Amino acid sequence: MQWQFDNRFVRELPGDPDSGPHVRQVHGALWSAVTPTPMPAPRLLAHSREMAERLGLDEADVAAPGFVQVFAGNALLPGMAPFAANYGGHQFGAWAGQLGDGRAITLGEVVDAQGERWELQLKGAGATPYSRFADGRAVLRSSVREFVCSEAMHHLGVPTTRALCLVATGEEVVRDMFYDGHPAPEPGAIVCRVAPSFLRFGSFELPYARGDLALLRRLADFCIRRDFPWLQGEGERLYADWFAEVCERTATMVAHWMRVGFVHGVMNTDNMSVLGLTLDYGPFGWVEDFDPDWTPNTTDAHGRRYRFGWQPQVAQWNLARFAQALSPLFADPAPLQAGLQRYVDAFVAADRDNIARKLGLAECRDEDVALMRELYGLLHAGALDMTLFFRALGRCDPLAPSPAPFEAAWYDEARRREAEPALLAWLARYAARLAGDPLAPAARRARMEAANPCYVPRNWLLQEAIDRAEQGDPSGIHVLLEVMRRPYQEQPGREAYARRRPEWARTRPGCSMLSCSS
Ligand code: AMP
Ligand code: MG
């Protein structure tokens, strides 16, 4: 590995003068130097071919014994300068104060052959000053989920942080999986996450909350220069353009989530990337039997703040917290209000684009918004599988609409009997709408198949891979990763990955319910 490190974050921004991992409040600094905790018996379980290639690594580099040592946190490469970032955040609507990287350690910023910057970050590499009451470790199950899902999201075309590799640490980590007083040891693991920047809304909220306006300004200037170098101008105009771009990127990201049926599960402001990347894969899930009120996160089961259908509103609320944190940079709040409006406009436009693409229309007209809303109501009433339904809709013959293509998408016979007549009536209206649309059938189908994935990493698919990995066999991870490389293409022999959730998974932990931090 002959990487060029250019560690701008630690070079250009103030760091914590204190050292060591003891838990503390860190004022006037945006990071603390830390070293990953050595792991006893690391084993490389999986890596992303695309991410490795992007970073200039070949298969021999990944297979070399030094690779697993670096990504287990047992060795540093020359030029690495590990640190944990300091940030705060609003959790479930309330200001939570300082949070920081409690179990993430950035190793350094690599500049690739194309001049692009990638921060390499180990998640689960041991305690930091921000570990608060926890241990800085991660268990295998949550690491498999983050590793596979972030690469799957990339292939689905959803903006996301990436993952280079997954390492089993050989160490046991004790977790009370359901917070019910039954802690048990589980295998530990580390994911190497990769992104141009891991800055979050919460990175800016903390200096704002502490009234440290000099630090806030330094961080904003740094973020614009490093992460948004295409933005020109100066002063308030530049800050306004930057905020507007964050708003627009956030709208794009959330619209993609809604298109593919992804529920983040814990959209706290410390989990909102300034680059509009899906960040911090925890208790996420995929909508199966369609329900806008569904959340996979048991910690949020009561208030359902982060339910599927609410994500666009939550993102807007989070952007308002970000705007508030940036308010000292502006003499007048108008540019921030304009940015928030940009979010609304960009989301509405992206949502209309989703409608056109998911339904296979050349363009989305006003009445199509209503047509889609009715369809979602039907999917909900009929408990239809979101992914299977839209994929099947592309195979529906508008000249002879029939329920046949949707056979595999129903979860419940009684609800099917009730909903099917309304679905047929909807299909007739849809067919009439298609008759007035200029797209030829082949082009329509191609458009739909590029927007409606055939495969998504459903929680129970991940859980099957996890069960095998916990028994020492990581091949389930490899197969799932392979399938998720081409999520829009039917892959012969991989039908088992494009099924509706089997009955056993309906109540199985990890498949239907997940808790916040593991
Ligand atoms: P999350 O909900 O995973 O984004 O985590 C919220 C906060 O808790 C962040 O500051 C994390 O770094 C911290 N955290 C979560 N899990 C752990 C852990 N096992 N050890 C230390 N800190 C953690
Ligand atoms: Mg987080």
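All values derive from a computational prediction rather than experimental measurement. (Residues numbered from 1 in each chain as written. Chains lettered and ligands numbered in written order. Predicted model: local features only at pLDDT ≥ 70, side-chain atom pairs only at ≥ 80, totals over all residues. Heavy atoms only, no water.)

To continue, consider the coordination of the magnesium ion (ligand 2). Looking at the magnesium ion (ligand 2), the protein donor atoms are Asn271 (OD1) and Asp280 (OD), and they sit 1.9 to 2.2 Å from it. Overall, the relative accessible area of 7% leaves Asn271 in the buried class. (Donors = N, O, S within 2.8 Å, 3.2 Å for Na, K, Ca; no water. Buried < 20%, exposed > 50% of the residue type's maximum accessible area, 1.4 Å probe, protein only.)

As a further point, take the domain arrangement of the protein. When its domains are assigned, the protein resolves into domain 1 (4-201), domain 2 (213-356) and domain 3 (361-449). For domain 2 versus domain 3, the distance between C-alpha centres works out to 30 Å. Opposite the 14 residues of domain 2 that make contact, domain 3 presents 18 residues. Buried area between domain 2 and domain 3, summed over both chains or domains, comes out near 1,300 Å², and the portion from carbon and sulfur atoms is 61%. For Arg352, the salt bridge identified is with Asp366, shortest N-O distance 3.0 Å. (Domains from an automatic or database assignment. Contact = heavy atoms within 4.5 Å. Buried area = accessible area lost by both parts, 1.4 Å probe. Salt bridge = Lys/Arg side-chain N within 4 Å of Asp/Glu carboxyl O.)

Contact geometry for helix α8 (residues 235-260) and helix α10 (residues 334-359): axes closest at 8 Å, N-to-C directions at 30 degrees. On the basis of their axis angle, the class for α8 and α10 is roughly parallel. Where α8 crosses over α10, the handedness of that crossing is right-handed. In this structure, α8 contributes Glu236, Ala240, Phe243, Ala244, Cys247, Glu248, Thr250, Ala251, Val254, Ala255, Met258 and Arg259 to the contact, and α10 contributes Pro335, Leu336, Gly339, Leu340, Arg342, Tyr343, Ala346, Phe347, Ala350, Asn354, Arg357 and Lys358. Residue composition of the contact of α8 with α10, by class: 15 nonpolar, three polar and six charged. (Axes fitted to C-alpha atoms, helices over the stretch in contact; angles between N-to-C directions. Helix = DSSP H or I, 4+ residues; strand = E, 2+ residues; numbered from the N terminus. Parallel < 35°, antiparallel > 145°, perpendicular 65-115°, else oblique. Left-handed = near helix turned anticlockwise from the far one by under 90°. Nonpolar A, V, L, I, M, F, W, Y, C, P; charged D, E, K, R; others polar.)

Turning to the site of ligand 1, a few remarks are in order. Gly100, Gly102, Arg132, Gly136 and Asn271 are the nearest of the 17 residues found near ligand 1. Side-chain polar atom of Arg103 to a nitrogen atom of ligand 1: 3.2 Å apart, as the coordinates give it. For ligand 1, whose unbound accessible area comes to 480 Å², protein coverage reaches 90%. Of the residues that constitute the shell around ligand 1, the class distribution is two nonpolar, seven polar and eight charged. Among the domains, domain 1 (4-201) and domain 2 (213-356) are the pair contributing at least three residues each to the shell around ligand 1. (Near = heavy atom within 4 Å. Polar contact = N/O pair within 3.5 Å; in protein donor to acceptor, adjacent residues only side chain to side chain. Areas by Shrake-Rupley, 256 points an atom, 1.4 Å probe, with all protein chains shown as cover.)

A word on the packing of aromatic side chains. Counted under the stated rule, the structure contains 28 aromatic pairs. Relative to Phe83, the ring of Phe9 lies with its centre 5.1 Å away and its plane at 15 degrees, an arrangement referred to as stacked. With Phe9 in helix α1 (residues 8-12) and Phe83 in strand β4 (residues 83-85), this pair connects stretches of sequence that are 74 residues apart. Here Phe9 and Phe222 contribute two aromatic rings whose centre-to-centre distance is 5.7 Å and whose plane-to-plane angle is 75 degrees, an arrangement assigned as edge-to-face. Linking Phe9 in helix α1 with Phe222 in helix α7 (residues 213-227), this pair joins segments that are 213 residues apart in sequence. For Phe9, a relative accessible area of 4% gives the class buried. (Phe/Tyr/Trp six-rings, centres within 6.5 Å; stacked < 30°, edge-to-face > 60°.)

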